[in-house]
Amino acid sequence: MDRFEQEHSQNQNRHRILQALRLHGPLARVDLGSIVSLSPASVSSITGDLIRDGLIREVPGGESGRGRGRPKVLIELTPQAACMVAVKLSINRIEVALGDFAGGIGPVAVRALNTLELTGEALIGHFADMIDACIKSIPADFGPLTGIGLAIQGLVHKNETLVWSPALSIRNHNIAAPLAERFRLPVIAMNDADCIALSIRHRAELEAIENLAVVMLGTGVGMGLILGGRLHSASSGAGAEFGHTKYQIDGPLCHCGRRGCIESFVGDYALYRDARSMLDLPNTDALHPSEEQMQALVDLAQSGHPVATSLFQQAGRALGYGLSNLIALIGPDLILVTGSGVRGYEQMEPEMRRALDEALVDTLLTQTEIRPYPWTADLTIRGIVLQVLDGVRGG
Ligand SMILES: [Zn+2]
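All values reported here derive from a predicted model rather than from experimental measurement. (Residues numbered from 1 in each chain as written. Predicted model: local features only at pLDDT ≥ 70, side-chain atom pairs only at ≥ 80, totals over all residues. Heavy atoms only, no water.)

### Some thoughts on the overall build of the chain
Broken down by element type, the chain carries 13 helices and 16 strands. For 395 residues, the compact-globule estimate of 2.2 N^0.38 gives 21 Å, and the chain sits close to it at 23 Å. Dimensions of the chain, computed from the C-alpha atoms along their principal axes, are close to 65 × 50 × 40 Å. The burial tally for the chain puts 50% of its 395 residues in the buried class. Pairs at least 24 apart in sequence give 62% of the contacts found in the chain among residues at least 6 apart. Carbon together with sulfur atoms contributes 51% to the accessible area of the chain, which is approximately 18100 Å² in total. For the chain, the centre of its 34 positive side-chain charges and the centre of its 43 negative side-chain charges are spaced 4 Å apart. (Helix = DSSP H or I, 4+ residues; strand = E, 2+ residues; numbered from the N terminus. Rg over C-alpha atoms; globule rule 2.2 N^0.38 Å. Buried < 20%, exposed > 50% of the residue type's maximum accessible area, 1.4 Å probe, protein only. Contact = heavy atoms within 4.5 Å. Areas by Shrake-Rupley, 256 points an atom, 1.4 Å probe, with all protein chains shown as cover. Lys, Arg positive; Asp, Glu negative; His and termini not counted. Charge placed at Lys NZ, Arg CZ, Asp CG, Glu CD.)

### A closer look at the domain arrangement of the chain
Segmenting the chain into domains produces domain 1 (3-77), domain 2 (81-197 + 380-389) and domain 3 (208-376). Taking the mean C-alpha position of each, domain 1 and domain 3 sit 41 Å from one another. (Domains from an automatic or database assignment.)

### What about the packing of helix H8 (residues 268-278) against helix H9 (residues 291-302)?
Axis angle and axis distance: for two packed helices, these are the angle between their axes and the distance between the axes, and together they describe the pair. In the contact formed by H8 and H9, the axes pass within 11 Å of each other and the chain directions differ by 65 degrees. For H8 against H9, the interelement crossing comes out left-handed. Contact residues: Asp268, Leu271, Tyr272 and Ala275 in H8; Gln293, Met294 and Leu297 in H9. Each residue belonging to the contact of H8 with H9 can be placed in one class, and the counts come to five nonpolar, one polar and one charged. (Axes fitted to C-alpha atoms, helices over the stretch in contact; angles between N-to-C directions. Left-handed = near helix turned anticlockwise from the far one by under 90°. Nonpolar A, V, L, I, M, F, W, Y, C, P; charged D, E, K, R; others polar.)

### A few points about empty space enclosed by the protein
Under the definition given, this model contains one cavity of 30 Å³ or more. The space that makes up the largest cavity amounts to roughly 50 Å³. Taken together, Leu217, Val266, Asp268, Leu271, Met294, Val298, Phe312, Gly341, Arg343, Gly344 and Met348 make up the full set of residues lining the largest cavity. Broken down by secondary-structure element, the contributors of at least two residues to the lining of the largest cavity are H8 and H9. Within the lining of the largest cavity, the residues separate by chemical class into seven nonpolar, two polar and two charged. (1 Å grid on protein atoms, 1.4 Å probe; cavity = no way out; pocket = protein on both sides within 12 Å on 5 of 7 lines; lining within 4 Å. Points joined across faces, edges and corners; volume = space filled by probe spheres on them.)

### Overview of the coordination of the zinc ion
Put simply, a metal with four donors set out as a tetrahedron has ideal angles of 109.5 degrees, and one with six donors set out as an octahedron has ideal angles of 90 or 180 degrees. Within the protein, the atoms that donate to the zinc ion are His244 (ND1), Cys254 (SG), Cys256 (SG) and Cys261 (SG), at distances of 2.0 to 2.3 Å. Classification of the site at the zinc ion rests on its four donor atoms, whose angles at the metal span 103 to 123 degrees, yielding the label tetrahedral. All donor residues of the zinc ion come from one chain, and their arrangement in sequence is H-x9-C-x1-C-x4-C. Separated by twelve residues along the polypeptide, His244 in the loop between strand E14 (230-231) and helix H7 (263-266) and Cys256 in the loop between E14 and H7 bring together distant segments of the chain. The exposure class assigned to His244 is buried, which follows from its relative accessible area of 17%. (Donors = N, O, S within 2.8 Å, 3.2 Å for Na, K, Ca; no water. Tetrahedral: all angles 85-135°; square planar, octahedral: opposite > 155°, others 65-115°.)

### Some details on the environment of Asn191
Tracing the sequence through the fold places Asn191 in strand E11 (residues 187-191). By relative accessible area, which is 8% here, Asn191 ends up buried. On a C-alpha basis, the gap between Asn191 and Gly224 in space is 8.5 Å, while along the polypeptide they are 33 residues apart. A polar atom in the side chain of Asn191 sits 2.9 Å from the backbone nitrogen of Ala193. (Polar contact = N/O pair within 3.5 Å; in protein donor to acceptor, adjacent residues only side chain to side chain.)

### Some remarks on the packing of aromatic side chains
Both the distance between ring centres and the angle between the ring planes are used here to describe each pair of aromatic rings. Counting across every chain of the model gives two aromatic pairs. When the centroid spacing of 5.0 Å and the interplanar angle of 90 degrees are considered together, the rings of Tyr247 and Phe265 count as edge-to-face. On the criterion of sequence distance, the pair formed by Tyr247 in the loop between E14 and H7 and Phe265 in helix H7 is long-range, its members being 18 residues apart. Residue Phe265 is classed as buried on the basis of its relative accessible area of 4%. Considering the side-chain rings of Tyr247 and Tyr321, the 6.1 Å spacing of their centres and the 40 degrees angle between planes classify their relative orientation as tilted. Here Tyr321 lies in helix H10 (residues 306-329) and Tyr247 lies in the loop between E14 and H7, a separation of 74 residues in the sequence. (Phe/Tyr/Trp six-rings, centres within 6.5 Å; stacked < 30°, edge-to-face > 60°.)

Below, the structure written as structure tokens:
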């Protein structure tokens, strides 16, 4: 191994140790060594360097009492060692928060606005204002600001160009470069469903799953795909547009302007639109019924109301056929269904399973587990924080 290779492998080991601590939380050196498959001598030498560099620390008063013999000292990431700014754009809403080195998130600043009216310049202006305010709030004892991450509802090309978003009228706009220039920091933009997939996989119990699809139900229907342990980005950078694969030729109109997409049956706006055409329900902003309105529809289905029940059955069927195509093409080990729309999962599941049974041969059906995953709104921001931190090699 020449000097370059040696340094490279040392940097990689530092990175793996930092990632393991971010994933598992405080660990004793011996447990850390077995997670990253390094000898006690290597772990001790690298953690010594990282402690000296201020990136990790021994947990104050934290000793693992497990096992016999000397109590083991736990080590953890130093949250203040570095930080980043996370931005989330969704329909009529921008959120910004500070992410710390351990992957923690500070208070979230929210700006409500009509995003469809924004020009590219105005959008960047709002981002920049909010990022500025976030940077001003960084506590004095925090280390360097390492980057800015943008989690975008919509398609993002090459981590910089917003191709299309249901939240915006602008198209094909580079949203990373102007911010990178203004703040002199690396900026990456990502699809929100990809952020959510990263965030969900970043759990010790899911770490071993190589092929994971995270299907997001809500206003739209998105998907983040992890293949071979890595986030899959299509060559267009568009991510997996699961929601716009087709279920019914000449079917209902979809948000994307085409007809019969899975989203045009399963998306919140689609369910509410169809419900309103048959039931006396309050009018809503056509594109986004409120959480209360959607929950009321779920409650109606749960109480056995025939119209609401049949809508969720129809949605479940569209979702089931969509998942069957995904399984036939890719065969993920696990499909997790999440997003705010997971509120209606129970109402959709029986028909979804029936559709899967109809569509797939048994061998395919049994290779993929499908289950709901509880939704929390901070999964998106957590994902973009982890992605930016992943670029901090600590080397
Ligand atoms: Zn569509």
